[in-house]
Amino acid sequence: MAKPGSSKKPAQKVVKKARIEEPVQRVSKKARIATPPPPKTKSSAKTTSAGPSSSSKPSTKTSSNPQNGSSSKSKGKGKTKSTDQDEDTSSTLPTTFKVVAGSYEKLLYGLNGSTTVNDKGEVEYHLKPLFIFPAHVSCIKAVSASPQGGKWLATGSADEIVKIWDLRRKKEVGGLMHHEGSITHLSFPSRSYLLSASEDGSLCLFRARDWAVLRALKGHKGRVNSVAVHPSGKLALSVGKDRTLRMWDLMRGKGSASTKLGKEGEVCRWSVDGSLFAVQSGSSIDIYSTDMQLLHIINHKSRLHDLQFCKRVNGEGEVLFAAAEDKKLSIYAIQQDRSKEPTLFAQMVGHENRVKAMQTLQIALPTQSGRSSTTIVATASSDGKLRIFDMNDIPSETPTTLSSQEPVQISPVAEYDSEKTRFTCVTLADGDSEVPSPANAKRKREDDDDDEEEEVALSEEEAEDDGTDEADEGDEEDEGFGSGWEDEDEMEKEVSGEEDDDPST
């Protein structure tokens, strides 16, 4: 297997760009932040994506996580019984969760969430503060936790630094100072990689094993506002101040297509199944198909701040959450028939100021509740409160039966009041697991092996891919993305002949 430290010039050049700011308490002079597990000799199929592969586990915000995780963990073990898969699925969901939020006041808040069942058989949610401290020297603009375990936490600020934290040990690990502008976006496509975006117009893909920069993606002519990774992990979309929507090939680490929107996109999000994506600008939401066909335009009643698709807990299909200035988290039903307009049928209420950000996470519930799992929604508002909602409270009726009625009002199941802290971003992470059984410990070792295989496969692909357009395995699945987009090279020629929208950048 090819190793990152071998004599491959592209890898060496990129790694040198990663500058690590060590915390004061550390005395080690090594630039390495995290120590990878010891290498093991084992044969496996080559992974061909820079982020999570199509066979790896996607983000925890989708309910398909546990199933994908169970299939990968049973790989090569000969256990294909559905009962074993169901048991493994329930065991992979966290029973507790963590809420982490950043604020304008530079403070980082951490809460531990848990569930209990009362005498009536109802599920009760509890939030307990874990930490509150100033994490940056400027306002915190982005925060993200790694999925499937929630070990790593990344925070981005106007101070141009991405800080890495160990959530389990509750300590700072280091700072990534690759960007030359305020950090605008952070996300973990998988627990092995971190994707960041900045006002300097670039995106960076970091490897969580040693926090080296694997790719620096450049193309935007100004601030990058939002990034969304496709559920397959092969592609990513980004929108920015230059009023363009760009597609990035994460397998090759370069731009693949772009198109002009005619307006500045502020947030972009993929649907759970990856067949649609949404771009938010001001108070409008544009819904596109993968071939860039504009399907619907949702005109919200107030300015929007955040979007997210999520699979329903009750019923089939997806919903689209929209956090807005109207102090509510509105819920639109995405119809199975894509030609039908998304319908506003419910709202999560309770905040006294604008809802700035939201996040979802699937968790396991106590057996006494009668439900095996649910999906929780966390909202952060400028009123200084963090609220938790249960998606089980969203009605399962079809929107056609509710179209003539007012949207259903859903109240929070838990709340934390910071007393006037202005929250800007929020993320959800798996809670601390209890003492692992031998089976769970073995499962964790297998997960670590999978992470190592992903990283080694990426390093091999870096050496083999010298910028050629030779087709990679699995590219046929994404043929639909080609139509309706402009070629990246042609787009660059057009942009070079135009005046820059932001000369100061």
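Here the structure is a predicted model, which is why all the values come from computation and not from measurement. (Residues numbered from 1 in each chain as written. Predicted model: local features only at pLDDT ≥ 70, side-chain atom pairs only at ≥ 80, totals over all residues. Heavy atoms only, no water.)

Whenever I open this one, empty space enclosed by the protein confuses me. Can you help?
It is a probe the size of a water molecule, rolled over the atoms, that shows where empty space is left. The full count for this structure, using the stated rule, is 3 cavities of 30 Å³ or more. Each pocket or cavity is described by its volume, and for the second largest cavity that value is around 50 Å³. In terms of lining, the second largest cavity is formed by L276, I287, L295, H296, I334, Q335, D337, R338, K340 and P342. Taken together, the residues of the lining of the second largest cavity break down into 5 nonpolar, 2 polar and 3 charged. (1 Å grid on protein atoms, 1.4 Å probe; cavity = no way out; pocket = protein on both sides within 12 Å on 5 of 7 lines; lining within 4 Å. Points joined across faces, edges and corners; volume = space filled by probe spheres on them. Nonpolar A, V, L, I, M, F, W, Y, C, P; charged D, E, K, R; others polar.)

Sorry if this is basic, but what is going on with the sheet that holds strand 20 (residues 294-299) here?
Note on sheets: strands pair through backbone hydrogen bonds, and any given pair is parallel or antiparallel. Spatial ordering of the open sheet is given by 17-18-19-20, a layout of 4 strands whose pairing is antiparallel. Across the chains shown, the open sheet's two edge strands, defined by having one partner strand only, are strand 17 (267-270) and strand 20. Across the sheet, the mean angle from the axis of one strand to that of its neighbour is 20°, orientation sign disregarded. (Pairing = 2+ DSSP bridges. Helix = DSSP H or I, 4+ residues; strand = E, 2+ residues; numbered from the N terminus. Axes fitted to C-alpha atoms, helices over the stretch in contact; angles between N-to-C directions.)

So what exactly am I meant to see when it comes to the nonpolar core here?
What tends to happen in soluble globular proteins is that the nonpolar side chains get buried as a cluster. Counting residues in hydrophobic clusters, the biggest one holds 21 residues, and the most contacted among them are F97, V99, Y125, I376 and L386. Elements with a minimum of two residues in this core: strand 2 (97-103), strand 3 (107-117), strand 4 (123-134), strand 25 (355-364), strand 26 (373-381), strand 27 (385-390), strand 29 (414-417) and strand 30 (423-430). Sequence-distant contacts of Y125, defined by excluding residues within four places in its chain, comprise F97, S114, T115, I363, L365, T374, I376, D390, V413 and A414. Counting 17 residues, the second-largest nonpolar core is a separate cluster that includes F321, F345, V355 and M391. (Core = buried A, V, L, I, M, F, W, Y, C linked by side-chain atoms within 4.5 Å. Buried < 20%, exposed > 50% of the residue type's maximum accessible area, 1.4 Å probe, protein only. Contact = heavy atoms within 4.5 Å.)

In this structure, what is going on with the pattern of salt bridges? I would like to understand it.
Side-chain pairing between opposite charges can occur once the charged atoms of the two side chains come close. Applying the stated criterion to the full structure yields 15 salt bridges. As a salt-bridge pair, E199 and K141 come within 3.5 Å of each other at their nearest N and O atoms. A residue pair is termed long-range when its members are at least 10 positions apart, and E199 in the loop between strand 10 (193-198) and strand 11 (202-207) and K141 in strand 5 (residues 140-145) qualify at 58 residues. Assessed through its relative accessible area of 33%, K141 is described here as partly exposed. Ionic pairing is found between E266 and R303, a salt bridge with its closest N-O pair at 3.3 Å. Residue E266 is found in the loop between strand 16 (254-260) and strand 17, and its partner R303 is found in the loop between strand 20 and strand 21 (304-311); the two are separated by 37 residues along the sequence. Each of the salt bridges in this network shares a partner with another, and the network as a whole consists of E352, K385, R387 and E415. (Salt bridge = Lys/Arg side-chain N within 4 Å of Asp/Glu carboxyl O.)

Looking at this structure, how should I read unusual backbone geometry?
Within the chain, E160 stands out as a residue other than glycine whose phi angle is a positive 75°. Its relative accessible area of 34% is what places E160 among the partly exposed residues. Not every positive phi belongs to a glycine, and W211 is a case in point at roughly 60°. Tracing the backbone shows W211 in the loop between strand 11 and strand 12 (212-218).

Is there a simple way to explain the environment of H230 in this structure?
Considering the arrangement of structural elements, one finds H230 in the loop between strand 13 (224-229) and strand 14 (235-240). In this structure H230 comes out as buried when scored by relative accessible area, which is 10%. Expressed as a C-alpha distance, the spacing of H230 and S275, which sit 45 residues apart in the sequence, is 9.4 Å. Within the structure, the side chain of H230 is placed 2.8 Å from the side chain of S232, a separation counted as a polar contact. (Polar contact = N/O pair within 3.5 Å; in protein donor to acceptor, adjacent residues only side chain to side chain.)

Explanation requested: the pairing of strand 21 in the structure shown.
Burial within strand 21 is extensive, with 7 of its 8 residues counted as buried. In terms of strand pairing, strand 21 meets strand 22 (residues 318-324) through 7 bridges, oriented antiparallel. Bridge pairing in strand 22 links Q308 to F321. Linking two consecutive strands that pair antiparallel, namely strand 21 and strand 22, is a turn of 6 residues; a positive phi of about 90° is found at G315 within it.

Just to check I follow, could you spell out the sheet that holds strand 25 for this structure?
Reading across from one edge, 25-26-27-29 is the order of the 4 strands in this open sheet, with antiparallel pairing throughout. Among the strands making up the open sheet, the edge pair consists of strand 25 and strand 29. For this sheet, the mean inter-axis angle between neighbouring strands, taken without regard to orientation, is 15°. Relative to strand 26, strand 25 runs antiparallel, the two sharing 9 bridges. Its bridge partner being in strand 26, Q362 is matched across the sheet by T375.

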